[in-house]
Amino acid sequence: MTKKLNNEKVIASKLLASEQRYRRLFETARDGILLLDSQTGEITDVNPFLIELLGYSKEEFLGKKLWEVGAFKNIKASKETFKALQDTGYVAYEDLPLETKDGRLIEVEFVSNAYMAGNERVMQCNIRDISIRKRIDAVDKSILFLEQEKLKTNFIADATHELRTPLAIIKGNVELALRNKDKNASQVETFKAINVEINHLAELLSDLTTLTSENKIAHQKIFKSKVSLLRLIENVTERCATLALTKNIKIEIKEIPDVSLAGDRIYLEKLFSNIISNAIFYGKEKGSIIINAKKDKKYIIITIKDNGIGIEKEDLPNIFNRFYRAENARDTKREGTGLGLAISKWIVESHDGNIEVSSVIKKGTTFTISLPLFL
Ligand code: ATP
Ligand code: MG
């Protein structure tokens, strides 16, 4: 009799030790744990980690069904999850959004098992916060992407640099040959044609240099000073006048406020000549280009409006990308490279400004550029 009693005591104390050990694991786990009643789906226990993770008190969990707790109510499948758990004994989600009590969304891994504990069927849900892991993954991906971009950019920068010298030598030789009196008319034409292509290539190399140097020495290259807006616009339109004449396009400068910009004159001239020459290239024969500007606190907002071929809606988001040319532009005689607007965007952003475009196909295009005033 006493032996039996002793045995029972030993078993009871072992059970207690085991219970305490598992309780401690439950209390200190760094994963959220929920225990459910296998019949009703009511929560019978929740560990402190999950309480902290989701911000609901223990009372807000206990006695509720899984889908009655705010955090899970967004999951339409909560009821079905429980049903699947009842049927198969196992449910897992790799990537589940849960809402904390204060409205934050967190990504979790959700694994639930059903098992027998003595005579009772227990359902246990383990919930692991994976938002940090996901954020690290996203950062890793962006770093990889940036490294690949940098490799590509450096490659283009190096190739551009290597191409400059031979091109300069070819140009020198062609110019020498053109100066040589001992040649017939057809040879002159040939050399002139070669020269046009060389100039085109030289311009392309210069554009590529501007674009690829942006990562390396971006802001060091911009030398800001006080630049008169009106003089800037007049300079550029004068330079574009001959080009405009070839298509009988009228460039109209509206009321431009007498203000100065804080910027690099050379780059700003490049910016406006890119936009105005586009307006001519993609403008209508005998069309018009209207340049307007208005002051707005610390910025000046300049619009350049043409009535040319316009840009299709689906092309609009892409036109500032390097080498992008819309289908209708490729149909024109103009042989562009698709770098002008990428450079323009870079120039505007290096000046802490903004450039936007709106366009109606076959009607015309308006570029809106805002740049900081010299204050
Ligand atoms: P380049 O590098 O010689 O300037 P490009 O003119 O083709 O070549 P971007 O200036 O970058 O390149 O312009 C990109 C594309 O945006 C053009 O090919 C054209 O499809 C479209 N685009 C730009 N400006 C206009 C405009 N004013 N009207 C219609 N389409 C335009
Ligand atoms: Mg262009």
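Only a predicted model underlies this, so the values are computations on that prediction, with no experimental measurement involved. (Residues numbered from 1 in each chain as written. Chains lettered and ligands numbered in written order. Predicted model: local features only at pLDDT ≥ 70, side-chain atom pairs only at ≥ 80, totals over all residues. Heavy atoms only, no water.)

So, the domain arrangement of the protein chain
Heads up, the rule is: Reported domain spans reflect what an automatic or database domain assignment gives.
Looking at the assigned domains, one finds that the protein chain contains domain 1 (31-129), domain 2 (131-220) and domain 3 (222-375). Placing the centre of domain 1 and that of domain 2 at their C-alpha centroids yields a distance of 59 Å.

Observations regarding the sheet that holds strand β2 (residues 43-46)
The condition that has to hold: Strand pairing follows a simple DSSP-based rule, namely that at least 2 bridges must link the two strands. For helices the rule is a DSSP run of H or I covering at least 4 residues; for strands it is a run of E covering at least 2, with both sets numbered from the N terminus onward. With axes taken as lines fitted to C-alpha atoms, and helix axes fitted only over the stretch in contact, angles between N-to-C directions fall between 0 and 180 degrees.
In space, the five strands of this open sheet follow the order β2-β1-β5-β4-β3, with antiparallel pairing throughout. Sheet topology places β2 and β3 (90-99) at the edges, where each strand pairs with a single neighbour. On average, each strand axis in the sheet is tilted by 25° relative to the strand beside it, whichever way the strands run. When strand β1 (residues 32-37) meets β2, the two strands line up antiparallel, connected through three bridges. Within β2, the residue paired with Leu36 across the bridge is Ile43.

Section: helix α8 (residues 229-246)
Using the following cut-off: Here, expected helix span is obtained from the residue count minus one, scaled by 1.5 Å. What is called the bend at a residue is the angle between a pair of axes, fitted to the seven residues leading up to and ending at it and to the seven starting from it. Contacts are assigned to residue pairs with any non-hydrogen atoms lying within 4.5 Å of each other.
Over its 18 residues, α8 extends 26 Å from the first C-alpha to the last, a length consistent with the 26 Å expected when each residue adds 1.5 Å. Residue Cys240 marks the point of greatest curvature in α8, where the axis turns by about 45°. If you follow the buried residues of α8, they end up packed against β6 (225-228), β7 (250-253), β8 (260-263), α9 (265-281), β9 (288-296) and β10 (299-306). The positive-phi residue at the C-terminal boundary of α8 is Asn248, with phi of around 55°.

Notes on the site of ligand 1
Our working rule: Near residues are defined by distance, with any heavy atom within 4 Å of the molecule or strand qualifying the residue. Whenever two N or O atoms come within 3.5 Å, that pair is a polar contact, provided that in protein one can donate a hydrogen and the other can accept it, and provided that, for residues adjacent in sequence, both atoms are side-chain atoms. Reported accessibility uses the Shrake-Rupley method at a 1.4 Å probe radius. Residues are deemed covered only where the shown protein chains occlude them. Residues are grouped as follows: nonpolar covers Ala, Val, Leu, Ile, Met, Phe, Trp, Tyr, Cys and Pro; charged covers Asp, Glu, Lys and Arg; every other residue, Gly included, is treated as polar.
For ligand 1, the set of nearby residues contains 21 residues, the closest of which are Tyr282, Arg325, Arg334, Leu339 and Leu341. Asp306 is positioned such that a nitrogen or oxygen atom in its side chain is 2.9 Å from a nitrogen atom of ligand 1. Surface burial for ligand 1 is 96%, taken as the share of its 590 Å² of free accessible area covered by protein chains. Looking at the shell around ligand 1, the elements with two or more residues in it are α9, α11 (340-350) and β12 (364-372). Across the shell around ligand 1, the residue classes break down as 11 nonpolar, seven polar and three charged.

Notes on the pattern of salt bridges
Quick note on the threshold: When a carboxyl oxygen of Asp or Glu is within 4 Å of a side-chain nitrogen of Lys or Arg, the pair counts as a salt bridge. Any residue under 20% of the maximum accessible area for its type is buried, any over 50% is exposed, and the rest in between are partly exposed; the area is computed with a 1.4 Å probe on protein chains only.
Tallying each qualifying case throughout the model produces 17 salt bridges. Note that Arg104 and Asp102 form a salt bridge whose closest N and O atoms lie 3.4 Å from each other. For Asp102, a relative accessible area of 58% gives the class exposed. Glu109 is paired through a salt bridge with Arg133; the nearest N and O atoms lie 3.9 Å apart. Here the residue Glu109 occupies a position in strand β4 (residues 105-117), and Arg133 occupies one in helix α6 (residues 131-179), the gap between them amounting to 24 residues. Each of the salt bridges in this network shares a partner with another, and the network as a whole consists of Arg23, Glu27, Asp45 and Lys58.

Let's talk about the sheet that holds β9
Picture the strands of a sheet paired through backbone hydrogen bonds; they go either parallel or antiparallel. Reading across from one edge, β7-β9-β10-β12-β11 is the order of the five strands in this open sheet, with mixed pairing throughout. Either end of the sheet is taken by a strand with one partner, and the two such strands are β7 and β11 (354-360). Ignoring which end each strand starts from, the neighbouring axes of this sheet average 15° apart. Two elements, β11 and β12, share seven bridges in a ladder whose sense is antiparallel. Looking across to β12, one finds that Asn354 is bridged to Ser370. Sitting on the sheet, α9 touches β7, β9, β10, β11 and β12, and the angle it makes with β12 is about 170°. Contacting β11 and β12, α11 runs over the sheet at an angle of about 25° to β12.

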